[in-house]
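Spelled out, the chains give:
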Amino acid sequence: MRIQVGVSRCGLLIALVVIASAAGRLTVHAQTTEFVPVTDAMLQDPAPEDWLMWRRTLDGWGYSPLDQITRENVGELRMVWTRALGRGSQQGTPLAYDGVLYMPNPRDVIQAIDATTGDLLWEHRREVPENVPDGGLVTNNRNIAIYGTLIIDTSVDDHVFALDADTGDMAWETEILDYETYRAMQSSGPIIANGKVISGRSCRKPDSCVITAHDARTGAELWRRRTIPAPGEPGDETWGDVAFEDRQHVGTWMVPSYDPALNLIYIGTSVTSPAPKFMLGGSDLAHLYHNSTLALDADTGEIVWYYQHLKDHWDLDHPFERLLVDTVVAPDPAAVSWINPRLQAGETRRVITGIPGKTGVVYTLDRETGEFLWATPTVTQNVISHIDGATGAVTENSEVVFTGLGQEVLACPSWIGGKDWEAGAYSPLTNTMYYPLRNTCARVLSTMEGGLAIYRLAARFQLAPGTDQLGTVRAISVETGQTTWVHEQRSATMSLVTTGGGLVFGGDVNGRFRAFDQETGEVLWEINLGSSVTGFPISFAVDGRQYVAVSTGSAATASGFVRLTPEIRPSAGNNLFVFALPVRD
């Protein structure tokens with residue numbers, strides 16, 4: 001039986017109770033103010049008080065222009081309310097619109113919550129197959145989308161679906177893949193690009209390794225793009241003689257970015273299965289399009305350009321957030337390892353930048369053409385030995401490339417990062433990107449037994465040589481590539497958000513949630529939330545009052561970091577917390 005309980009967005013007067021026993025559903029509706037539909041124009045230029053998608057804007061910045069909470073008063077920040085979330089792996093991002101938070105929970109549960117009081121307005125518990133695992137990344141739900149009068153999400157059983165934002169009722173549902181055949185993981189939800197629902201997924205079989213577009217109003221499929229080429233398609237030759245059905249696991253399991261002016265979607269890809277390339281036809285092959293940035297035509301799904309960041313033998317995926325920034329490009333040779341020699345001093349470019357993969361390497365590319373502009377490491381790494389500045393071609397370190405079974409190498413970073421799914425953020429106030437990074441390495445074994453069988457790897461994790469500090473937050477100039485400050489700590493750091501008040505908010509595995517000064521890295525405020533800060537923080541406003549929201553929970557990566565810092569023992573409660581400054585009389 002499914003029970004769905006809904007109340008109005010204003011929550012004042014219950015007007016009608018409908019019991020639908022045949023569907024096993026109880027729905028409670030109330031009188032409500034008219035819901036104002038969310039348009040493409042609103043998504044492409046959101047009101048300062050709203051947070052309408054994963055990183056608030058389609059350029060992936062993770063920046064709120066709200067400035068009521070400042071460096072001077074952030075020390076007065078107080079908790080306004082908290083609410084428990086559903087069980088399971090919790091890494092969610094709430095949406096904020098017109099005084100309501102729409103919160104994804106594990107296992108296809110979505111809640112609408114009064115943003116100022118924490119009261120539940122409605123909750124939708126979608127029916128899922130009994131054979132869906134009860135925990136782990138399969139049930140994870142990092143983000144949802146809003147469009148028109150709909151809340152849109154991808155499901156644990158490979159559907160895309162939409163709910164009425166005012167009631168939580170199902171509006172439409174479309175199968176993307178046959179769950180029994182493919183079992184792709186949709187642990188990150190979609191974005192909306194000009195009325196199209198764009199989503200990616202983790203995958204195994206070539207035909208499940210797809211990026212899809214659906215009509216946001218109806219759910220009708222518009223296009224799908226495989227990330228593994230078939231025989232006769234461009235890129236087929238990069239797999240050598242590997243049979244199509246043996247080309248596996250080039251996933252797109254994080255959230256894309258979108259440039260409306262260029263009409264390009266930017267999305268990153270993951271490692272192959274198995275990871276060591278001697279098992280897939282040879283280490284000299286590129287195995288497109290793994291560990292790449294893909295620029296797709298939003299109308300057709302065609303690949304306009306791609307850039308491969310790494311031929312990956314160690315599960316160092318590159319699917320993370322891409323930042324779209326218009327900036328002067330002037331990499332400092334003293335701070336940046338690899339620079340395009342054709343760059344003109346002080347020229348302004350439309351770039352795609354950030355740390356797209358677990359290696360912790362910053363890459364800056366021209367987002368119209370994919371031209372390589374510059375790249376530089378941020379943490380200890382030994383998997384890349386060189387990048388050709390003129391071509392962007394990456395040379396891997398042959399000393400850590402596997403050549404046979406039973407071989408063990410010390411790879412830095414490890415497959416828990418470096419960088420992982422926890423998002424960095426950009427601030428236009430400083431033209432600086434801020435990233436949660438980790439100092440990890442691993443003794444990685446190429447094996448057919450034990451470890452991560454899907455990759456044919458096993459690992460023993462350790463801190464990078466020369467440090468006992470696992471977590472960092474690093475501030476990097478988008479213009480010059482210089483690191484302007486670094487915060488280091490024992491516990492692993494998690495996702496960040498920047499604000500117009502000159503602040504960076506972010507948490508860690510030990511449950512600490514902090515506000516940093518964007519310019520100096522000084523910690524200006526801190527609270528212990530008890531459990532690992534696994535959710536993506538946001539900032540929003542209601543009736544002129546600015547709030548900051550973040551969630552805690554249990555997540556596979558967080559528990560992996562705890563093993564590297566055994567003295568740190570947070571709890572594992574799934575909760576949503578909301579903060580604001582005290583109300584003055």
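Residues numbered from 1 in each chain as written. Predicted model: local features only at pLDDT ≥ 70, side-chain atom pairs only at ≥ 80, totals over all residues. Heavy atoms only, no water.

Draft legend 1. Main features of the overall build of the protein. Check the secondary structure of the protein and you find three helices and 42 strands. In summary, the protein has a C-alpha radius of gyration of 23 Å against a globular reference of 25 Å for 585 residues, a match within 12%. C-alpha atoms of the protein, sized along the principal axes, occupy 70 × 55 × 50 Å. Split into buried and exposed, the 585 residues of the protein put 63% on the buried side. The long-range fraction of contacts in the protein, counting pairs at least 24 apart against all pairs at least 6 apart in sequence, stands at 60%. Entry remark: accessible area of the protein is about 20,000 Å², with carbon and sulfur atoms responsible for 49%. Here the protein contributes 44 positive and 69 negative side-chain charges, whose respective centroids are spaced 5 Å apart. (Helix = DSSP H or I, 4+ residues; strand = E, 2+ residues; numbered from the N terminus. Rg over C-alpha atoms; globule rule 2.2 N^0.38 Å. Buried < 20%, exposed > 50% of the residue type's maximum accessible area, 1.4 Å probe, protein only. Contact = heavy atoms within 4.5 Å. Areas by Shrake-Rupley, 256 points an atom, 1.4 Å probe, with all protein chains shown as cover. Lys, Arg positive; Asp, Glu negative; His and termini not counted. Charge placed at Lys NZ, Arg CZ, Asp CG, Glu CD.)

Draft legend 2. Fine view of the state of the cysteines. Counted by the stated rule, this structure contains two disulfides. Paired through a disulfide, C412 and C441 show a sulfur-sulfur distance of 2.0 Å. Because the torsion about its S-S bond is 110 degrees, the bridge between C412 and C441 counts as right-handed. On the criterion of sequence distance, the pair formed by C412 in the loop between β29 (408-411) and β30 (425-427) and C441 in strand β32 (residues 440-446) is long-range, its members being 29 residues apart. With a relative accessible area of 3%, C412 lands in the buried category. Along the protein, the cysteines that take part in disulfide bonds pair up as 1-2, 3-4, counted in sequence order. (Disulfide = S-S within 2.5 Å.)

Draft legend 3. View of the pairing of strand β26 (residues 372-377). Burial runs high along β26: five of the six residues are buried. By the bridge criterion, two bridges tie strand β23 (residues 338-339) to β26 in an arrangement that is antiparallel. Pairing of I339 across the sheet is with W374, part of β26. Judged from the five bridges that link them, strand β25 (residues 361-366) and β26 form a sheet pairing that is antiparallel. (Pairing = 2+ DSSP bridges.)

Draft legend 4. Summary view of empty space enclosed by the protein. Overall, the coordinates contain three cavities of 30 Å³ or more when judged by the stated rule. Lining of the largest cavity is provided by T293, H309, E321, R322, I352, T353, G354, I355, P356, Y363 and L365. Listed by contribution, the elements that provide at least two residues to the lining of the largest cavity are β24 (348-353) and β25. Classifying every residue of the lining of the largest cavity gives five nonpolar, four polar and two charged. Of the voids in this model, the second largest cavity is the one considered here, and its volume is about 50 Å³. (1 Å grid on protein atoms, 1.4 Å probe; cavity = no way out; pocket = protein on both sides within 12 Å on 5 of 7 lines; lining within 4 Å. Points joined across faces, edges and corners; volume = space filled by probe spheres on them. Nonpolar A, V, L, I, M, F, W, Y, C, P; charged D, E, K, R; others polar.)

Draft legend 5. Looking closely at the nonpolar core. In this structure, Y102, I146, I152, W314, Y363, I384 and I387 are the most contacted members of the largest nonpolar core, which totals 99 residues. L503, F505, F577 and V578 belong to the second largest nonpolar core, which has 32 residues in total. (Core = buried A, V, L, I, M, F, W, Y, C linked by side-chain atoms within 4.5 Å.)

Draft legend 6. A look at the sheet that holds strand β38 (residues 512-517). Within the open sheet, the five strands sit side by side as β4-β36-β37-β38-β39. Their pairing is mixed. At either end of the open sheet lies a strand with only one pairing partner, and these are β4 (63-64) and β39 (523-528). The sheet contact formed by β4 and strand β36 (residues 493-499) spans two bridges and is parallel. By the bridge assignment for β36, Y63 is matched with T498.

Draft legend 7. Just the layout of surface pockets, in detail. Looking at the largest pocket, its volume works out to about 770 Å³. In this structure, the largest pocket is lined by 32 residues; those nearest its centre are L137, M185, D315, L452 and Y455. Mapped by element, the contributors of at least two residues to the lining of the largest pocket are β33 (457-463) and α3 (556-564). Sorting elements by how many residues they give to the lining of the largest pocket places α3 first, with four residues. Its residues placed into classes, the lining of the largest pocket shows 19 nonpolar, five polar and eight charged. When its volume is computed, the second largest pocket comes out at roughly 300 Å³.

None of the figures reported here should be taken as evidence of function without further support.
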